[in-house]
Each structure stands twice: as C-alpha cells, then as structure tokens.
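# Fold and geometry: a report
Here's the letter readout for the chains.
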Amino acid sequence: RMEGGELPPLARPLLTNRDETTVGFSHDWTPSHVKVAANLTLDAAFVPASANVRDLGSLPGAPRGCRASVARVVALDGLIDETALRWIRERLGVDAEDEQTALGVRPRESLWERRTADDALAKPTYGLRKESMDRLVRTMTQREEGVEPTTGGLDEFHARLRALYPDWIVCHMPADALRAGDDDDDDDEVRRRRRRFLKSDDFDDAGRFRCDAFVANAAVHGDEYRWHLDADPSSFPDSCAWVRTYGDHVNGEPGKPLFVSAVVYVNSEWNENDWGGETHFMDVGSGIGATVRPRPGRVVLMDQDVTHRVSPPTRAAGGRARFSFVYKLVFFPKKGDDADAALWERGIARPEWGPPSPIGSAAKLAAIVNAASWRARQRRGGVKREREEE
C-alpha cells in the first residue's frame, strides 16, 4: 500500500499471506540471494522532461527540456522458490519425472491448444485453453471477503517479488481496465498502428484492444514466433478505464505506474546448449539485441514495451516443449506523487546490481552522457587549477 495506507486506483496487489519483510522465507532467503544473470538497458530516446527530472538539453544532439528514456531487462536466478515452480508446473501439466525421459514433456491436449499468435501472419502456437487459464487466473487473483488468499504455493514467490522491490506496490495488470469501452471511437488507422508490434490475440473479434494479465507458452520445434511487445500504455484506447484514470503516457514516465512482465521458465530440465528456446530482446533502432537462455527457474523481468520474441526449440529437443509462464504486472510507486524521479531511472534494477549493460541505442546514449560528464569534470578541474594559481 501507499504510505498513507490506501491503494492507488486500479491497483491489484499480488496475493500473499506474508508481510513485506524477508523474515521467515525458506532457506533464509533475502534479495541478496538473487543472482543477476543480465541487467540490460535498450531503446534509448530523448523524451520531454517533467519538472522533477534532470534536463539533458545541454547534451550534444539533445533537444531542450528533455530527459533520457531507456527500457530495461533483467534476468534473475534464485528469485522463485521450488514450491512455486512445482505449483505452476502442476497447473501447466508439466511432470518433472517425465522431463527426465528421452521424450520429455509435450503439451497436454486437455490443457493446451494452438490458440496464440504473435501477429496476424504467424501460425498459432500452444497456449492454455481458455477454461484452464480462467481457472488459474481466478485462483491467483481473487480474494474472497474474510478469507485468506488461496494461492498456496505462490505465496512465497509473491512475497519475494514485493521484498525485491520495496519502493513499489507490485500488482497484477488490471486487464479489464485496459479494454476499450463501449463508446470506443478509434478509427481503423489508429487500430492498425496499435497492431504493429502487439500480439494478434491482444485484440478481440471486433479488432478492439484487449490484454490478458497472464500468458502461458509451450514452445515446440517447428513453431514460429514473431517480434512483439507485451503492452505499451501509450497505445491503450482512449475509452479504457486506465487512460481515463492515468491519462495517455509512455511506459517508464516518471510519476506514472510502470508496466512490467515477469517471465518464469518453468521446465525442471532443459539442455540450454542443445535445445534452444531462448528469448531474444531487440533494440529496434539499432538492430542490436540480446539473448537469454531458458535456464530452469530463471525469471526475466522486462519493461512491457520491450520488443522481444521466443526462439523455438531445436530439432535436438525432439517433441519436448519449453514451458514459460508470464505475469503481466504494474508497479505503482509507494510514495505516489512524492516519489523521486530516480525511482523510474532505476526501474526494475536494484542499485546494488551496479550499472546496467547498455546495448544498441542505450550504448550510444551512455557514451554521450559519459563524454559530457568527462568534459564537465575537465572544466571544473580547469577552474579549480586557475583558482589555485591565483
């Protein structure tokens, strides 16, 4: 909750019976146990600066009254606990013992169907059947009055996420608040632009925007995946409850909630050298990217407007599936309007993780900022020497 004790509008916190301390976690877990496999920035751009953000207009090539905007991706090992992984595997039909066999685990037809696609041209890939996903969502998000949450095995994982980001209220994305209202009057051109990088199943039969709060994938050899975004708040329809509450904003804008995806690699067994199944992230402007292997139990957090895609398993994987489960999240600042802009500059990275590794346009921006800082230090040093000589 916010410091005043109230929740922000449309905030739906992760259900857990635990408080926000790290006392009582299994194996004495604390955020320091998390191993950072990747800490990346990409998609750098100069965007208008608000009053409480550092103005970078003095940098070469930067317009006046601007700030630097980057997107973030972090890959973390040691965040999710084994109880939570077992809970997710059971609901996705992934038997850890079957994974040890030569054939591995294939998507169960009773739970999965080829129903998801990254765009209108891609062939459908395996997603959970609607009734399976609906049942899972109800279990994970609905709290009955006077009854403790029933997430069971996810209790500690949700609490660990909250402990990892103590300055944010970590919430499920309010999917219903992103859907176009009955008075939606977006024209066909607006809808066409919105479809460019979003997934094709992010739209209903009438072409109106919708976005699910959870996604389950079972990638197999021969599948086709395309570049896409999970969500971009600047593309939400004007008629949806989110825009009416928070206005039209880009992701990562200081003072606004931050849209984040958490990808959990579910398999208990995966030969990352031979079986493929990586997730690729792209800095669109430069065409430079990064790859994260689906190491069992790894969790990738990324800003939802990062362009990415799945690489299907290789022929060597046989018929086994690479399973993943995606939380669509929204981070609300606990201090609300009083939060410092530095919170958005860090985003999903913790200070003790050190400087991020910039790629593509973010690397270019980092070079410009570093050069400007060096020149400023040189000027200050020159002034100091002149004063000493006087």
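Further up the page is the structure itself.
Summarised in this report is the structure supplied together with it. This is a predicted model, so every value here is computed, not measured.

In this section: the overall build of the protein. Per the secondary structure count, the protein includes 8 helices and 14 strands. For the protein, the residues scored as buried account for 51% of the 390 residues in total. Intrachain contacts of the protein at a sequence separation of at least 6 include 77% that bridge at least 24 residues. Summing over all exposed atoms, the protein offers an accessible surface of approximately 18800 Å²; the carbon and sulfur share of this is 47%.

Between the first and last C-alpha of helix α3 (residues 130–141) there are 16 Å, a value that for 12 residues agrees with the 16 Å anticipated at 1.5 Å per step. Within α3, burial applies to Ser132, Met133, Leu136 and Met140. Seen end-on, α3 carries its buried residues on one side only, within an arc spanning 90°.

A few words now on helix α1 (residues 82–92). Every buried residue of α1 is listed here: Ala84, Leu85, Trp87, Ile88, Arg89 and Leu92. Phi turns positive one or two residues past the end of α1, at Gly93, with a value near 75°.

In terms of nonpolar packing, the biggest core is built from 56 residues, with Leu79, Tyr165, Leu301, Phe325 and Phe331 touching the most fellow members. Excluding residues that lie within four positions of it along the chain, Leu301 makes contacts with Arg72, Val73, Val74, Leu76, Leu79, Leu161, Tyr165, Val260, Ser261, Ala262, Phe331 and Ile348. Counting residues in each nonpolar core, the second largest holds 17 residues, with Ala38, Leu42, Val306 and Ile359 among its members.

The subject of this paragraph is the sheet that holds strand β12 (residues 307–310). Strand order in this open sheet of 3 strands is β10-β9-β12, and the pairing throughout is antiparallel. Each edge of the open sheet is held by one strand with a lone partner, namely β10 (288–292) and β12. Strand after strand, the sheet turns through a mean of 20° between neighbouring axes, direction not considered. Bridge count between strand β9 (residues 279–283) and β12: 4 bridges; the pairing is antiparallel. Paired with Met282 across the two strands is Thr307, which belongs to β12.

Below, the discussion takes up the environment of Lys364. Within the secondary structure, Lys364 is located in helix α8 (residues 361–389). Judged by its relative accessible area of 61%, Lys364 falls in the exposed class. Spatially, the C-alpha atom of Lys364 lies 9.9 Å from that of Leu42, the residues being 322 residues apart in sequence.

This part is about the environment of Tyr246. Within the secondary structure, Tyr246 is located in helix α6 (residues 241–246). The sequence separation of Tyr246 and Leu10 amounts to 236 residues, and the corresponding C-alpha distance is 9.8 Å. Residue contacts for Tyr246: discarding those within four places in its chain leaves Pro8, Pro9, Leu10, Lys256, Pro257 and Phe332.

Sheet topology note: the β9/β10 ladder contains 5 bridges and is antiparallel. The partner of Phe281 across the bridge, within β10, is Ala290. The antiparallel pairing of β9 with β10 creates a hairpin that spans 4 residues between the two strands, and Gly287 there sits at a positive phi of about 75°.

Parameters and conventions
- Residues numbered from 1 in each chain as written.
- Predicted model: local features only at pLDDT ≥ 70, side-chain atom pairs only at ≥ 80, totals over all residues.
- Heavy atoms only, no water.
- Helix = DSSP H or I, 4+ residues; strand = E, 2+ residues; numbered from the N terminus.
- Buried < 20%, exposed > 50% of the residue type's maximum accessible area, 1.4 Å probe, protein only.
- Contact = heavy atoms within 4.5 Å.
- Areas by Shrake-Rupley, 256 points an atom, 1.4 Å probe, with all protein chains shown as cover.
- Expected span 1.5 Å × (residues − 1).
- Arc of directions from axis to C-beta.
- Core = buried A, V, L, I, M, F, W, Y, C linked by side-chain atoms within 4.5 Å.
- Pairing = 2+ DSSP bridges.
- Axes fitted to C-alpha atoms, helices over the stretch in contact; angles between N-to-C directions.

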